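# Overview (structure and organization)
Listed here are the chains, written in short residue letters.
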Amino acid sequence: MDERVRYNDFSGFLAAHFPYKVQKISINAGFTCPNRDGTKGYGGCTYCNNQTFNPAYCHTEKPVGQQVREGVAFFSRKYPKMKYLAYFQAYTNTYAGLEELKRMYEEALEVENVVGLVIGTRPDCMPDSLLDYLEGLNRQTFLIVEYGIESTDNRTLKRINRGHTFECTADAVRKTAQRKILTGGHVILGLPGESGRQIIAQAETISELPLNTLKLHQLQLVKGTRMAHEYAEHPEEFHLYKADEYIDLTIDYLEHLRPDIVIERFISQSPKELLIAPDWGLKNYEFTERIKKRMKERDSWQGKHYKNRIQ
Ligand code: SF4
């Protein structure tokens, strides 16, 4: 079997949409988060330290257009023909009035060689008025709306203080997809209270959502978070995966996932100075290579055990 077809990868997805190479540029547009300021909750998700989101070129005080231009300049020195997607990544990128949001999104799109937007947000922060606007925007440019799902289990969502339920996620994903907007999600594998078996079962639930793309992240304990305190007090409540163990968990998850969902990444990387554990010392591409190698060893492929698989 061709290694590229063992799972649906993001570069293949981009190649199907664009006739040139495309790079995402992360932006910190200075949004806050409704799960921190009391609108949806206080204190934020227990694992969240937002300092982990931003590369050096994106600083909150700079206007969106400037951040995007600096990001483009950074990459275009090495790849002059590359085009870009402006990625509204930090905090909750739909948490402002409609006019302000439009101004920021459109400012990013005006930068030369920017060919689309990726907007990361919470599922409880997507009003219909914004979806109406995004539906129109999606007819003019490439757009992905990416929701933090994290878990399909409401007990876990409560425990990590997400401030929304899985039903809320399902509703937002469906409404977005109904408008023909590409819809992404990210989940964290290894949250406290979830066994390997439960995590793998979640792949079937995720598969029922009309998602186009999915990011998988390992649970990372980050300094300064509530979860770091919980871990210090009750380490027995956590299972921190070793790299090889997480690779097998990820492959099991993929085997139960709908085959057409595009996998954008398998791990996230918090800055070393903020990371408590696990520290695998693997870069994203190194990890991906190990997943591919292991899938081959196991003769595994995405959707191998997906229950609704067409025979
Ligand atoms: S993870 Fe996202 S939703 Fe949760 S507190 Fe951090 S910024 Fe807010």
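Here's a quick rundown of the structure. Keep in mind the model is a prediction, meaning the values are calculated, not measured.

With that out of the way, let us pick up the overall build of the protein chain. Per the secondary structure count, the protein chain includes 10 helices and nine strands. The C-alpha radius of gyration computed for the protein chain amounts to 19 Å, which stays within 12% of the reference 19 Å derived for 311 residues, consistent with globular compactness. For the C-alpha atoms alone, the extent of the protein chain along its principal axes is close to 45 × 45 × 40 Å. Burial statistics for the protein chain: of 311 residues in total, 55% are counted as buried. Considering only intrachain contacts with a sequence separation of at least 6, the fraction spanning at least 24 residues in the protein chain is 82%. Accessible area of the protein chain: about 14,500 Å², with a carbon and sulfur share of 50%.

The next point concerns the sheet that holds strand S6 (residues 213-218). Spatially, S1-S2-S3-S4-S5-S6-S8 is the arrangement adopted by the seven strands of the open sheet, whose pairing is parallel. This sheet does not close on itself; its edge strands, each paired only once, are strand S1 (22-27) and strand S8 (262-265). For this sheet the average axis-to-axis angle between neighbouring strands, irrespective of direction, equals 25°. Bridge count for S6 against S8 is three bridges, and the pairing is parallel. Paired with Thr213 across the two strands is Val262, which belongs to S8. Along the sheet face, helix H3 (residues 98-110) touches S1, strand S2 (83-88) and strand S3 (114-121) and points at about 145° away from the line of S3.

Here we come to the pairing of strand S4 (residues 142-150). Looking along a regular strand, one sees the side chains alternate between the two faces of the sheet. Counted residue by residue, S4 has nine buried out of nine residues, so it is predominantly covered. Alternating positions in S4 separate into two faces, Phe142, Ile144, Glu146, Gly148 and Glu150 on one and Leu143, Val145, Tyr147 and Ile149 on the other, with burial throughout. Taken together, the six bridges between S3 and S4 define a ladder with parallel strand orientation. Paired with Thr121 across the two strands is Tyr147, which belongs to S4. Crossover handedness for the path S3 to helix H4 (residues 128-140) to S4: right-handed. Pairing of S4 with strand S5 (residues 182-189) involves six bridges; the strand directions are parallel. Counterpart to Val145 in the pairing with S5 is Thr183.

Overall, the coordinates contain one cavity of 30 Å³ or more when judged by the stated rule. What the largest cavity holds in volume is close to 40 Å³. The wall of the largest cavity is formed by Leu189, Gly190, Gln218, Leu219, His239, Leu240, Tyr241, Pro278 and Trp280. Among the residues making up the lining of the largest cavity, the classes are represented as six nonpolar, three polar and no charged.

Let's shift gears to the nonpolar core. In terms of nonpolar packing, the biggest core is built from 78 residues, with Phe88, Leu117, Leu134, Leu214 and Tyr253 touching the most fellow members. At seven residues, helix H9 (residues 243-255) tops the list of elements feeding residues into this core. Setting aside anything within four residues of it in sequence, one finds Leu214 in contact with Gly185, His186, Val187, Ile206, Tyr253, Leu257, Ile261, Val262, Ile263, Glu264 and Arg265. The next biggest cluster of nonpolar side chains, apart from the first, holds 13 residues, and it includes Phe10, Phe18, Val118 and Phe142.

As a further point, take the environment of Glu236. Mapped onto the elements, Glu236 comes out in the loop between helix H8 (226-233) and H9. For Glu236, a relative accessible area of 58% corresponds to the exposed category. In sequence terms Glu236 and Pro192 are 44 residues apart; their C-alpha atoms lie 9.8 Å from each other.

Thresholds applied
- Residues numbered from 1 in each chain as written.
- Predicted model: local features only at pLDDT ≥ 70, side-chain atom pairs only at ≥ 80, totals over all residues.
- Heavy atoms only, no water.
- Helix = DSSP H or I, 4+ residues; strand = E, 2+ residues; numbered from the N terminus.
- Rg over C-alpha atoms; globule rule 2.2 N^0.38 Å.
- Buried < 20%, exposed > 50% of the residue type's maximum accessible area, 1.4 Å probe, protein only.
- Contact = heavy atoms within 4.5 Å.
- Areas by Shrake-Rupley, 256 points an atom, 1.4 Å probe, with all protein chains shown as cover.
- Pairing = 2+ DSSP bridges.
- Axes fitted to C-alpha atoms, helices over the stretch in contact; angles between N-to-C directions.
- Right-handed = clockwise from strand over helix to strand, strands pointing away.
- 1 Å grid on protein atoms, 1.4 Å probe; cavity = no way out; pocket = protein on both sides within 12 Å on 5 of 7 lines; lining within 4 Å.
- Points joined across faces, edges and corners; volume = space filled by probe spheres on them.
- Nonpolar A, V, L, I, M, F, W, Y, C, P; charged D, E, K, R; others polar.
- Core = buried A, V, L, I, M, F, W, Y, C linked by side-chain atoms within 4.5 Å.

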